Amino acid sequence: IYTLSLHDALPISVNTTSDDKLEKTFGFYTIENGKSHLLPQANSWRLISKQMGLGQGDSTIVIPNQSDLQLNSIGFTNINKQQGLISVNASDSGKMVDIQFNNLLINNIANIKVYFASNKNDATQPVFTGKLKSKNQSIRFNYYLPEQTVMGVILTEENSLFDLFK
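The sections below set out a description of the structure shown in this document. (Residues numbered from 1 in each chain as written. Predicted model: local features only at pLDDT ≥ 70, side-chain atom pairs only at ≥ 80, totals over all residues. Heavy atoms only, no water.)

## Quick notes on the overall build of the chain
- Broken down by element type, the chain carries 2 helices and 12 strands.
- In the chain, the succession of helices and strands from N to C terminus is β-β-β-β-α-β-β-β-β-β-β-β-β-α.
- Expressed as a percentage of the 166 residues in the chain, the buried residues total 37%.
- The long-range share in the chain, meaning contacts at least 24 apart out of those at least 6 apart in sequence, stands at 58%.
- On the chain, roughly 10,400 Å² of surface is accessible, and the fraction owed to carbon and sulfur atoms is 51%. (Helix = DSSP H or I, 4+ residues; strand = E, 2+ residues; numbered from the N terminus. Buried < 20%, exposed > 50% of the residue type's maximum accessible area, 1.4 Å probe, protein only. Contact = heavy atoms within 4.5 Å. Areas by Shrake-Rupley, 256 points an atom, 1.4 Å probe, with all protein chains shown as cover.)

Structure follows, in structure tokens:
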């Protein structure tokens, strides 16, 4: 089991801001002006559990070959047989990442969704959606990974009209 956290949890406290607004911190969320807000590390957990599907049941986790030792990455196949990648850039600078999937379960067109989790992105919506053709059960593309960000990439097979008649 892996837990990815880019940020330290804020201490549990009650503060009064400079304009006398009450702010409460409860470990993984804050309440400001009566509204709850998740802290940044919860965005990472949402990405891993919900968007990548790793919170839905048994999954297979693999350690990918990687040349950039400053990134921490895992590959996976979730309970729905969707394959993907989670990569963490904990550095203070963004970087272009060469992403290659081999031994895919996808034989034709892959739908690709890329999600970011950070203090600037809550991972509720993909930052990119696209399609690539699998060649010999492999797909390769480059993507920019911002600093202090967890990136999730998930692949699903494109359904064709022919599949509807099977």
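## Digging into the pairing of strand β12 (residues 149-157)
- Along β12, 7 of the 9 residues are buried, which leaves the element largely enclosed by surrounding structure.
- Note: strand β7 (residues 83-89) against β12, 7 bridges, orientation antiparallel. Residue pairing in the sheet places Leu 85 in a bridge with Val 153 of β12.
- Where strand β9 (residues 109-117) lies against β12, 8 bridges are found, and the strand directions are antiparallel. (Pairing = 2+ DSSP bridges.)

## Some thoughts on unusual backbone geometry
- The backbone of Gln 137 shows a phi angle near 60°, a positive value even though the residue is not glycine.
- For Gln 137, the position within the fold is in the loop between β10 (128-133) and β11 (139-145).
- When its relative accessible area of 36% is taken as the criterion, Gln 137 is described as partly exposed.
- The phi dihedral of Gln 148 is positive, around 50°, even though this residue is not glycine.
- Inspection of the secondary structure puts Gln 148 in the loop between β11 and β12.

## Let's talk about the nonpolar core
- Formed by 18 residues in total, the largest nonpolar core has its most connected members in Ile 99, Phe 101, Phe 141, Met 151 and Val 153.
- Going through the elements one at a time, β8 (95-101), β9, β11 and β12 are the ones with two or more residues in this core.
- Filtering out sequence-adjacent residues up to four positions away, Val 153 remains in contact with Met 52, Phe 76, Gln 83, Gly 84, Leu 85, Ile 99, Phe 101, Ile 112, Lys 113, Val 114 and Phe 141.
- Counting residues in hydrophobic clusters, the runner-up holds 13 residues, among them Ile 48, Leu 54, Ile 86 and Tyr 115. (Core = buried A, V, L, I, M, F, W, Y, C linked by side-chain atoms within 4.5 Å.)

## Quick word on the packing of aromatic side chains
- Inspection of every chain in the model, using the stated rule, returns 2 aromatic pairs.
- For the ring pair Phe 116 and Tyr 143, a centre distance of 6.1 Å and an interplane angle of 65° mean the geometry is edge-to-face. Of this pair, Phe 116 sits in strand β9 while Tyr 143 sits in strand β11, and the two are 27 residues apart along the sequence. For the residue pair Phe 116 and Tyr 143, the accessibility class agrees, reading buried in each case.
- For Tyr 143, a relative accessible area of 17% gives the class buried.
- Three or more aromatic residues joined by ring pairs make a cluster, and in this case those are Phe 116, Phe 128 and Tyr 143. (Phe/Tyr/Trp six-rings, centres within 6.5 Å; stacked < 30°, edge-to-face > 60°.)

## Overview of the sheet that holds β7
- On the basis of which strands lie adjacent, the open sheet formed by 6 strands has the order β5-β6-β7-β12-β9-β10 and antiparallel pairing. Across the chains shown, the open sheet's two edge strands, defined by having one partner strand only, are β5 (60-62) and β10. Adjacent strand axes in the sheet meet at a mean angle of 20° when their direction is disregarded. (Axes fitted to C-alpha atoms, helices over the stretch in contact; angles between N-to-C directions.)

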